[in-house]
Amino acid sequence: AQQLGTPLSNQEYRQFFRSLRAAHHASTACLLRELYGCQNPLVRRLDEYENHGVIPEGPICSELPGTLFFPDFCTFSFYRCTRKRYFIKV
């Protein structure tokens, strides 16, 4: 256990900044989604990448409390963006 108030070790700093970069990238993708919509070619490529090359069609099932499904992947992605829960998987 580290003493309170001491700096992080090099390994701890790498882990700390790795998570910040990931959230930063996710928030940037959300900004693109908000500005250009789900039909934008770049946003579609990101969605395809996230889903191994195919954007799911139809309802998206969810294990989120109070939200059993979303009508489509776009709606699900907007939900994650607005809640800043970027890495929720369904």
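Residues numbered from 1 in each chain as written. Predicted model: local features only at pLDDT ≥ 70, side-chain atom pairs only at ≥ 80, totals over all residues. Heavy atoms only, no water.

**Student:** Sorry if this is basic, but what is going on with the packing of aromatic side chains here?
**Tutor:** Any two aromatic rings considered together are summarised by their centre-to-centre distance and by the angle between their planes. With the rule as written, the count across this model stands at three aromatic pairs. Arranged with centres 5.9 Å apart and planes meeting at 55°, the rings of Phe-73 and Phe-76 form a pair that is tilted. Here Phe-73 pairs with Phe-76, and both are found in helix H3 (residues 73-83), just three residues apart, close to one helical turn. Among the aromatic residues, ring-to-ring pairing joins Phe-70, Phe-73, Phe-76 and Tyr-79 into one connected group. (Phe/Tyr/Trp six-rings, centres within 6.5 Å; stacked < 30°, edge-to-face > 60°. Helix = DSSP H or I, 4+ residues; strand = E, 2+ residues; numbered from the N terminus.)

**Student:** Please explain the pattern of salt bridges as it appears in this structure.
**Tutor:** A side chain with one charge can pair with a side chain of the opposite charge if their charged atoms come near. All chains considered together, the criterion is met by two salt bridges. For Arg-33, the salt bridge goes to Asp-47, with nearest N and O atoms at 2.4 Å. Taken together, the residues span a long stretch of sequence, with Arg-33 in helix H1 (residues 10-36) and Asp-47 in helix H2 (residues 41-50) at a distance of 14 residues. Residue classification places Asp-47 among the buried residues on the basis of a relative accessible area of 3%. (Salt bridge = Lys/Arg side-chain N within 4 Å of Asp/Glu carboxyl O. Buried < 20%, exposed > 50% of the residue type's maximum accessible area, 1.4 Å probe, protein only.)

**Student:** Got a minute to help me understand the state of the cysteines in this structure?
**Tutor:** In protein structure, a disulfide is the covalent linkage between the sulfur atoms of two cysteines. Enumeration according to the criterion identifies two disulfides in this entry. Sulfur-sulfur distance for the disulfide between Cys-30 and Cys-81 comes to 2.0 Å. Negative torsions about the S-S bond denote left-handed disulfides, and the value of about -85° found for Cys-30 with Cys-81 makes this one left-handed. Within this pair, whereas Cys-30 is found in helix H1, its partner Cys-81 is found in helix H3, the two being separated by 51 residues in sequence. In this pair, the class of Cys-30 matches that of Cys-81, namely buried. Cys-38 shares a disulfide with Cys-74; S-S distance 1.8 Å. Taking the torsion about the S-S bond as the criterion, the Cys-38 to Cys-74 disulfide, at about 80°, is right-handed. (Disulfide = S-S within 2.5 Å.)

Geometric values such as these leave the question of function open.
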